[in-house]
Amino acid sequence: MRLPMSPYAEIPRPVEQAIDVLAQFARVTELWSPKVIAQVNDQYVKVARLLGEMPWHHHAGEDELFWVLRGRLRLEFRDHVVELEPGECCVVPRGVEHHPVCAEECWIVLIETVTTRHTGNLTTPQTRSIEEQLS
Ligand code: NI
């Protein structure tokens, strides 16, 4: 059966069908390497597995949402810390420096503008191209 595809996505994404979000983690074979599971307007919905930390960074013109499904995520900001439990999410506003830290493996949903580089203003060994994130 041919799946309906969004006519608006740059790279065709399935629409009008159920997406098993947890099953999408089967595509995630590396830590800190997000995979795109859907596109909504100019936003990508991604899944990722995190463990350890990502360096301090920011996204100059784009907000970013972290939604924890499993494990715990500590989001450090310069003036406070947010501890996310399963079922909780947090929006990091554009321009705000943040430092994600996971003492245990954490499974998250990320919502980011299609142009957002997930490692923000930094290029690190963790940086993945959008082609890799769509694969
Ligand atoms: Ni970020």
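Residues numbered from 1 in each chain as written. Predicted model: local features only at pLDDT ≥ 70, side-chain atom pairs only at ≥ 80, totals over all residues.

What follows concerns the overall build of the chain. In terms of regular secondary structure, the chain is built from one helix and seven strands. Along its sequence from the N terminus, the chain presents helices and strands in the succession β-β-β-β-β-β-β-α. For 135 residues, the compact-globule formula gives about 14 Å, and the C-alpha radius of gyration of the chain, at 15 Å, lands near that figure. Taking all 135 residues of the chain together, 24% fall into the buried category. (Helix = DSSP H or I, 4+ residues; strand = E, 2+ residues; numbered from the N terminus. Rg over C-alpha atoms; globule rule 2.2 N^0.38 Å. Buried ≥ 20, exposed ≤ 12 C-beta atoms within 10 Å, placed from the backbone.)

As defined by bridge partners, strand β3 (residues 64–70) adjoins strand β6 (residues 89–92) across four bridges and the pair is classed as antiparallel. Across the sheet, the residue bridging to L65 is V91, located in β6. (Pairing = 2+ DSSP bridges.)

So, about the nonpolar core. One finds A48, L50, F66, V68, L73, C106 and I108 to be the most contacted residues of the largest nonpolar core, which totals 19 residues. Looking at this core, the elements with two or more residues in it are β1 (35–40), β2 (43–53), β3 and β7 (99–113). V68 has contacts with L73, L84, E85, P86, E88, C106 and I108, leaving out every residue within four places of it along the chain. (Core = buried A, V, L, I, M, F, W, Y, C linked by C-beta atoms within 7 Å. Contact = placed C-beta atoms within 7 Å.)

Our next topic: the environment of P34. When you line up the elements, P34 lands in the segment before β1. Spatially, the C-alpha atoms of P34 and K46 are 5.9 Å apart, while their sequence positions differ by 12 residues. If near-sequence neighbours (up to four positions away) are discounted, P34 is found in contact with K46, V47, A48, L110, H118, R128 and Q133.

It is worth spelling out unusual backbone geometry at this point. The phi torsion at E16 lies on the positive side, around 55°, for a residue other than glycine. By the element assignment, E16 lies in the segment before β1. For W32, which is not glycine, the phi dihedral falls at a positive 60°. Here W32 shows up in the segment before β1. Judged by local crowding, W32 falls into the buried class, with 21 C-beta atoms found within 10 Å.

Before going further, it helps to examine the environment of C102. Note on placement: C102 falls in strand β7. For the pair C102 and G71, spaced 31 residues apart in sequence, the C-alpha to C-alpha distance is 8.3 Å. The contact partners of C102, leaving out residues within four places of it in the chain, are L50, L51, G52, G71, R72, L73 and R74.

Right, let's talk about the environment of V81 for a bit. Within the secondary structure, V81 sits in strand β5 (residues 81–84). Judged by the 10 C-beta atoms lying within 10 Å of it, V81 is exposed. Considering only alpha carbons, one finds V81 and V114, 33 residues apart in sequence, at a separation of 27 Å. Those residues within four positions of V81 in sequence are excluded, and the remaining contacts are R74 and E76.

These figures come from the coordinates and say nothing about function on their own.
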